[in-house]
Amino acid sequence: MSGNIMVVAEDDGDAEIGWDYGFSPFLGGLEMDSIGATAAGRAVRMLGARPVGSMQTPAILTPWVASDILSILSASFLADNLQKGKSMLLGRMGEQVFSSHVTIVDDGLYPGGMASSPFDDEGFPHQRTVLVSEGVVQGFLYDQHTANKENRGSTGNAGRHGIKAPPWVETTNCYIPNGSFTPDGLVSSLEEGLMLTDLIGLHTADPISGDFSVGAAGLWIKGGEAAFPVKGIVISGNLMDLFNNVDGAGTDLAFYGKTGAPSLRISTLNVAGTDN
């Protein structure tokens, strides 16, 4: 069961949108009151948002933003993309490619996960596969077809769009585990920087090169506290560099569908805004 809501907050001619999403394998676990309250709070806190100047700045990715970015990166762990040369991780097995704060797991048995079940769509048992451990690439995801090409076993990652469709490789519950910082601790650790709460157009990121340039919104942090809301900016860079610049992870892991992440602190991020 899942639920989501989008609300509008207005004040003196200014209008901002807020949203939230939640899911549970049990109806009783779906807290719609909390979803609505969170969406309303997000809309209200963005009232009066304005751009900042162009700069390189430390940043915090909220769980929604970090999950959204991870969903783009996750395509590079699919064996089908690797075998076709369409992965930015091609030939990087065993290498330190990300920050030591980054671990990535695909777990088809994750308790309460949206993609959790005993077997994949070929009948192979689901399993927990560590893709990245402390920044080092440890593995990739296979169905039986792609596994046969490398004379290895399936990782239980076959999916189908329907009973008549052939299987293909897909992630199950793909996530970055919790780190050691509380969400408030991450914010208070930032003397000045940007907390990203929303990205616009991330689907335009190149899944092969990892390059991206997308619209963004969030909160400007000063002295470890939220100073004012920010919108009308663009962030750019490369996904590989972004995850290499992670210098802290929160304890607030949240899933948005099959993908989840905690808050992540980034040491430096390119921001294009307005220069007066």
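Structural data are supplied above this passage.
Rules of the game
- Residues numbered from 1 in each chain as written.
- Predicted model: local features only at pLDDT ≥ 70, side-chain atom pairs only at ≥ 80, totals over all residues.
- Heavy atoms only, no water.
- Pairing = 2+ DSSP bridges.
- Helix = DSSP H or I, 4+ residues; strand = E, 2+ residues; numbered from the N terminus.
- Contact = heavy atoms within 4.5 Å.
- Axes fitted to C-alpha atoms, helices over the stretch in contact; angles between N-to-C directions.
- 1 Å grid on protein atoms, 1.4 Å probe; cavity = no way out; pocket = protein on both sides within 12 Å on 5 of 7 lines; lining within 4 Å.
- Points joined across faces, edges and corners; volume = space filled by probe spheres on them.
- Nonpolar A, V, L, I, M, F, W, Y, C, P; charged D, E, K, R; others polar.

### Some details on the sheet that holds strand β9 (residues 174-175)
In step 1: The 6 strands are arranged β6-β5-β4-β9-β15-β14 in an open sheet whose pairing can be described as mixed. The open sheet terminates on both sides in strands that have one partner only, identified here as β6 (136-137) and β14 (254-256).
In step 2: Sheet topology places strand β5 (residues 128-133) next to β6; 2 bridges connect them, and they run antiparallel. Residue pairing in the sheet places Val-132 in a bridge with Val-137 of β6.
In step 3: Relative to the sheet, helix α2 (residues 63-73) contacts β4 (104-107), β9, β14 and β15 (259-261), its axis offset from that of β15 by approximately 130°.

### Digging into the layout of surface pockets
In step 1: A volume near 620 Å³ is recorded for the largest pocket.
In step 2: In terms of lining, the largest pocket is formed by 27 residues, of which the most central are Arg-42, Arg-45, Thr-62, Thr-197 and Asp-198.
In step 3: Across the lining of the largest pocket, the residue classes break down as 14 nonpolar, 6 polar and 7 charged.
In step 4: A volume near 160 Å³ is recorded for the second largest pocket.
In step 5: Lining of the second largest pocket is provided by Asp-20, Tyr-21, Gly-22, Phe-23, Thr-38, Arg-42, Pro-63, Ala-254, Phe-255 and Tyr-256.
In step 6: Within the residue set of the lining of the second largest pocket, elements represented by two or more residues are β2 (14-23), α1 (32-45) and β14.
In step 7: The element contributing the most residues to the lining of the second largest pocket is β2, with 4 residues.
In step 8: Taken together, the residues of the lining of the second largest pocket break down into 6 nonpolar, 2 polar and 2 charged.

Take it as geometry only, folks, not as evidence of what the structure does.
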